[in-house]
Amino acid sequence: PEPRCAVAISVICARTDSTASRLAASFEHHLASGGQGTVSGPFLAGADAEAALISCAPGRLEAIRRPLIVGDPIRVQEAIGQIVEHYRPDEVVIQ
């Protein structure tokens, strides 16, 4: 049988990059604080989460951000396209 490949990509997309970043900050804070609570929360509001992330260890924050695509629809589409071009998967899962 021929090898098969699937890629799962975590995406936070919004109308603008700044809105997507603000939304991502809440999720990033949730992960940085050990992911307490459920997937639906509790999350801090964007500005509060951004402020709380300042105290996060730089290596920890980079590790959280690495697998996450954040941006407006064009930026997200380009990033997904680069991943697909690089890995040539049979299937792409967006989460």
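Preceding this section is the structure that the text describes.
**A short note on the side chain of Asp72**
Right, on to step 1. Here Asp72 lies in the loop between β2 (68–71) and α4 (73–87).
Right, on to step 2. Buried charge Asp72 goes without a salt bridge, the closest partner of opposite sign being Arg75 at 4.9 Å.

**Observations regarding the sheet that holds β2**
Right, on to step 1. The sheet built from three strands is open, its strands ordered β2-β1-β3 with parallel pairing. Edge strands, defined here as strands with exactly one partner in the open sheet, are β2 and β3 (91–94). For this sheet, the mean angle separating the axes of adjacent strands, direction not counted, is 35°.
Right, on to step 2. Bridge count for strand β1 (residues 6–13) against β2 is four bridges, and the pairing is parallel. Bridge assignment links Ser10 to a residue of β2, and that residue is Leu68.

**Things to note about the environment of Arg4**
Right, on to step 1. Mapping Arg4 onto the fold places it in the segment before β1.
Right, on to step 2. Between the C-alpha atom of Arg4 and that of Pro89, which follows or precedes it by 85 residues, the distance is 7.3 Å.

**Some details on the pattern of salt bridges**
Right, on to step 1. Under the criterion given, the structure shown has one salt bridge.
Right, on to step 2. Arg75 is paired through a salt bridge with Asp17; the nearest N and O atoms lie 2.7 Å apart. Remark: Asp17 occurs in helix α1 (residues 17–32) and Arg75 occurs in helix α4; sequence separation between them is 58 residues.

Reading guide: rules and limits
- The residue numbers shown here count from 1 along each chain, following its written sequence.
- The model is predicted, so local features are restricted to residues of pLDDT at least 70 and side-chain atom pairs to those at 80 or more, both for listing and for counting; the totals for chains, interfaces and linings are taken over all residues.
- Computation of side-chain values covers all heavy atoms of the structure but excludes hydrogens and water.
- Where helices and strands are cited, they refer to DSSP runs of H or I of at least four residues and of E of at least two residues respectively, numbered from the N terminus.
- Residue exposure (1.4 Å probe, protein chains only): buried if accessible area is under 20% of the type maximum, exposed if over 50%, otherwise partly exposed.
- Positive charges come from Lys and Arg, negative ones from Asp and Glu, while His and the chain ends are left out of the count.
- A pair is scored as a salt bridge if a Lys or Arg side-chain nitrogen falls within 4 Å of a carboxyl oxygen belonging to Asp or Glu.
- Note on pairing: two strands pair once DSSP finds at least 2 bridges between them.
- Axis angles are defined between N-to-C directions and span 0 to 180 degrees, where every axis is a line fitted to C-alpha atoms and, for a helix, only to the segment in contact.

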